[in-house]
Amino acid sequence: YFIWSGWEGDVNVRQNLYIAHMSNPWTIDSERVEISRPTYSWETNHVPHVNEGPQVIVRDGLILLVYSASGSWTNDYCLGLITASVSSDPMDPASWTKRDQPIFKSGNGLYGPGHHSFTKSPDDTEDWIMYHVAKYNNAGWNREVRMQKFTWHADGTPNLGEPVDPNTPIPLPSGEPA
């Protein structure tokens, strides 16, 4: 499958998340299907309305799709989550459940965290998120890259917490040489 953010038509009124089936790693062989559109106030507080940057983790029978919402140039940029069972049809929009609140947002003096990716520690025992965040309040697209370890909720969804205070040292990822 291929998942991306795109416009419904040819005017940027709103960025939705779409999925298409692939017959091999380079060929889409289906029509696109919309699986998420900005609907909640935290997704529609700036124009254009935005769902973008989808990243997927498949874990414990769940497809976890974490995406960025709101305007990347604002303090309100944040991460949302939609989920589906691995036994469901990901091409069926009804297979997906969207959380009504962001799962990662501004905190600890850091604004607008979003557009992320996930990785493992070198020894494969820890989960880490990399994301960009505004360099200061109302910085617009003046942003920097950060990373931090995260854990998991009992329901199998990522517990990203909040952005780590920029003055708090974080340990090296497990297995990383000193």
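Placed above this text is the structure.
First things first, this report covers the structure right here in the doc. All values reported here derive from a predicted model rather than from experimental measurement.

**Comments concerning the overall build of the chain**
A count of helical and extended segments in the chain gives zero helices and 13 strands. Helices and strands in the chain line up, N terminus first, as β-β-β-β-β-β-β-β-β-β-β-β-β. Computed over the C-alpha atoms, the radius of gyration of the chain is 17 Å, within 12% of the 16 Å expected from 2.2 N^0.38 for a compact globule of 178 residues. Taken along the three principal axes of its C-alpha coordinates, the chain extends 45 × 40 × 30 Å. When contacts within the chain are restricted to residue pairs at least 6 apart in sequence, long-range pairs at least 24 apart make up 48% of them.

**Quick notes on the packing of aromatic side chains**
Across all of its chains, the model carries seven aromatic pairs by this definition. Centre to centre, the rings of Phe-104 and Tyr-131 are 5.0 Å apart; their planes meet at 80°, and the pair counts as edge-to-face. Of this pair, Phe-104 sits in the loop between β9 (97–98) and β10 (111–120) while Tyr-131 sits in strand β11 (residues 127–134); the two residues are 27 residues apart in sequence, bridging distant segments of the chain. Classification of Phe-104 as buried rests on a relative accessible area of 1%. An aromatic cluster of three or more residues is present, and its members are Phe-2, Trp-4 and Tyr-18. Above the ring of Tyr-18, the side-chain terminus of Arg-32 is found at 3.9 Å from the ring centroid.

**Notes on the sheet that holds strand β13 (residues 158–159)**
With antiparallel pairing, four strands are arranged side by side in an open sheet as β10-β11-β12-β13. Looking at strand neighbours, the two that pair on one side only are β10 and β13, the edges of this open sheet. Summarising the sheet, strand β12 (residues 143–152) and β13 pair through two bridges and their orientation is antiparallel. Bridge pairing links Thr-151 to Asn-159 in β13.

Quick notes on the rules
- Residues numbered from 1 in each chain as written.
- Predicted model: local features only at pLDDT ≥ 70, side-chain atom pairs only at ≥ 80, totals over all residues.
- Heavy atoms only, no water.
- Helix = DSSP H or I, 4+ residues; strand = E, 2+ residues; numbered from the N terminus.
- Rg over C-alpha atoms; globule rule 2.2 N^0.38 Å.
- Contact = heavy atoms within 4.5 Å.
- Phe/Tyr/Trp six-rings, centres within 6.5 Å; stacked < 30°, edge-to-face > 60°.
- Buried < 20%, exposed > 50% of the residue type's maximum accessible area, 1.4 Å probe, protein only.
- Lys NZ or Arg CZ within 6 Å of the ring centre and 35° of its normal.
- Pairing = 2+ DSSP bridges.

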